Amino acid sequence: MNRSKGWKWWGAAALSLVMVSGCASNGGGGTSAGEGAEGASNGDAAKYTIGVAAQGLSHEFIKSLVEAMQEKAEELDVELLVMDSQDKIEEQLNQVDNLISRGVDAIILNSVDMVGSSPAVDRVKEAGIPLVEAITFTENENYDVFVGTDPEQSGVMMGEILAEQLGGKGNVALLQGQIGHSAEITRGAGLQKELFDQYPDVKLVTQQTANWNRDEAMSITEDWLQRFPEINAIAAQNDEMAMGALQAVEAAGRTDIIVVGIDGIADALKAVKEGRLAATVLDNVTDEGKRAVEVAVGLIEGQTFEKKELVDYVPIDADNVDQYYTE
């Protein structure tokens, strides 16, 4: 595969509370992960408290994001209050209000919806609290800094991969993420621009949201294989959905169908290594999570940053998977 193109960023509540690096019981009906664990400074008060409103900890990718944040928070002697929005807009808005009322020093928002989560931005800024958006972004750009990738470029990379794998013609089915999510919108736009607009013999035969979910993707793909036997490739806007689609394809014995995902989760990298998944596009969530905490601390301390802190995507296929996957 041609690796000559390098893409860079320009600009990608029943309250469930996870307390990291210091564990008082929360008063919001949430749970405390690691209750009784020592704080970041072995019992001493942490330097700062940063609230994190996460899209949904049921997703492996978001769990990895939060784990990276936790690692950096411990290193910097910072307490994180991590709230699981469970993919629900109203849940996230309520959680942000809760973090504001707790008087946190900064907030990291991993938004559920590009438009629906936007009111949270003004609420945080009206409270005078530094705001970092991580991985996903809102339509409201009143945040201080965005840390992540350009999701449209991951769609472009997926389009390049599929164009090459299909030889410029074939029938593609698209598994979309949660409708209205910034990555669903922008990854779809990139794929459209690079694949369907450039190659008139590549047809989009069907598309449907599987809400970033592996089981939903598997069920949808099973239905598609019956209704659209002419499918040559399945483009999934994240790897969880790609793995669900792959499971259905393999169960049906369809060795002729190409499956491509985005994110570079461990299961997907393993499947690429094994020759089962054609490719994925790596989103370096570890670097992004750590950087989001570093930027939040910097904002608290009065530092200035570019509006967008950018991390590269990397296309992964059989040619380079060994650089990124280890047993």
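Here the structure is a predicted model, which means the values were calculated and not measured.

About the cut-offs
Residues numbered from 1 in each chain as written. Predicted model: local features only at pLDDT ≥ 70, side-chain atom pairs only at ≥ 80, totals over all residues. Heavy atoms only, no water. Helix = DSSP H or I, 4+ residues; strand = E, 2+ residues; numbered from the N terminus. Buried < 20%, exposed > 50% of the residue type's maximum accessible area, 1.4 Å probe, protein only. Areas by Shrake-Rupley, 256 points an atom, 1.4 Å probe, with all protein chains shown as cover. Phe/Tyr/Trp six-rings, centres within 6.5 Å; stacked < 30°, edge-to-face > 60°. Lys NZ or Arg CZ within 6 Å of the ring centre and 35° of its normal. Polar contact = N/O pair within 3.5 Å; in protein donor to acceptor, adjacent residues only side chain to side chain. Contact = heavy atoms within 4.5 Å. Salt bridge = Lys/Arg side-chain N within 4 Å of Asp/Glu carboxyl O. Pairing = 2+ DSSP bridges. Axes fitted to C-alpha atoms, helices over the stretch in contact; angles between N-to-C directions. Core = buried A, V, L, I, M, F, W, Y, C linked by side-chain atoms within 4.5 Å.

Chemist: Please provide a residue-by-residue account of the overall build of the chain, values included.
Modeler: Each helix and strand in the chain was counted, giving nine helices and 13 strands. The proportion of buried residues among the 327 residues of the chain is 57%. Summed over all atoms, the accessible surface of the chain reaches about 13,200 Å², with 44% contributed by carbon and sulfur.

Chemist: Can you lay out the packing of aromatic side chains for me, pointing to particular residues and giving the numbers?
Modeler: According to the stated counting rule, one finds one aromatic pair in the structure shown. Between Phe137 and Phe146 the ring centres are 5.6 Å apart and the planes differ by 85°, which places this aromatic pair in the edge-to-face class. In terms of burial, Phe137 and Phe146 fall into one category: buried. Directly above the aromatic system of Tyr143 lies the positively charged group of Lys307, at a separation of 4.4 Å from the ring centroid.

Chemist: Describe in detail the side chain of Thr136, supporting the description with residues and values.
Modeler: Relative to the helices and strands, Thr136 is located in the loop between strand E5 (131-134) and strand E6 (145-148). Within polar-contact distance, the side chain of Thr136 engages the backbone nitrogen of Ser111 at 2.8 Å. Among residues more than four places away in sequence, those in contact with Thr136 are Gln55, Leu109, Asn110, Ser111, Phe146, His181 and Ser182.

Chemist: Quick rundown of the pattern of salt bridges? Include the residues and the values.
Modeler: Overall, the coordinates contain 18 salt bridges when judged by the stated rule. For Lys193, the salt bridge is made with Glu152, and the minimal N-O distance between the two is 2.6 Å. Pair noted here: Lys193 is in helix H5 (residues 182-196) and Glu152 is in helix H4 (residues 151-166), with a separation of 41 residues, a long-range link. You can call Lys193 partly exposed: its relative accessible area is 38%. Among the ionic pairs, Arg254 bridges to Asp256, the shortest N-O distance being 2.8 Å. With a relative accessible area of 45%, Asp256 lands in the partly exposed category. Each of Lys72, Glu75, Arg291, Glu294 and Glu309 takes part in one network of salt bridges that share partners.

Chemist: Kindly report on the side chain of Gln95, identifying the contributing residues and their values.
Modeler: Along the polypeptide, Gln95 turns up in helix H2 (residues 89-102). A distance of 2.9 Å separates a polar side-chain atom of Gln95 from the backbone oxygen of Asp84. Looking at Gln95, its side chain comes within polar contact range of the side chain of Ser85, at 2.8 Å.

Chemist: How would you summarise the pairing of strand E2 (residues 48-54) if you had to cite specific residues and measurements?
Modeler: As a general feature of sheets, a regular strand has side chains that alternate between the two faces. Within E2, seven of the seven residues are buried, which leaves the element mostly enclosed by the surrounding structure. Covered by surrounding structure in E2 are Tyr48, Ile50, Val52 and Ala54 together with Thr49, Gly51 and Ala53, the residues of both alternating faces. Sheet topology places E2 next to strand E4 (residues 106-109); four bridges connect them, and they run parallel. Looking at the pairing, Gly51 lines up with Ile107 of E4.

Chemist: Describe the sheet that holds strand E7 (residues 170-176), naming the residues involved and giving the relevant values.
Modeler: The strand order across the open sheet built from four strands is E8-E7-E9-E10, with neighbouring strands paired in parallel fashion. If you trace the sheet from one side to the other, it starts and ends with strand E8 (202-209) and strand E10 (258-260), each paired once. When the angles between neighbouring strand axes are averaged without regard to direction, this sheet yields 20°. Sheet topology note: the E7/strand E9 (residues 233-236) ladder contains four bridges and is parallel.

Chemist: Tell me about the nonpolar core, residues and numbers included.
Modeler: Membership of the largest hydrophobic core comes to 59 residues, with the highest contact counts inside it found for Met69, Ile108, Leu175, Ile234 and Val259. Tallying contributions element by element places helix H9 (residues 285-300) first for this core, with seven residues. In this view, Ile108 contacts Ile50, Gly51, Val52, Ala53, Met69, Val132, Ala134, Ala292, Val293 and Ala296; residues no more than four positions away in its chain are not counted. Judged by nonpolar contacts, the second largest core, of 20 residues, contains Leu162, Ile262, Ala279 and Tyr313.

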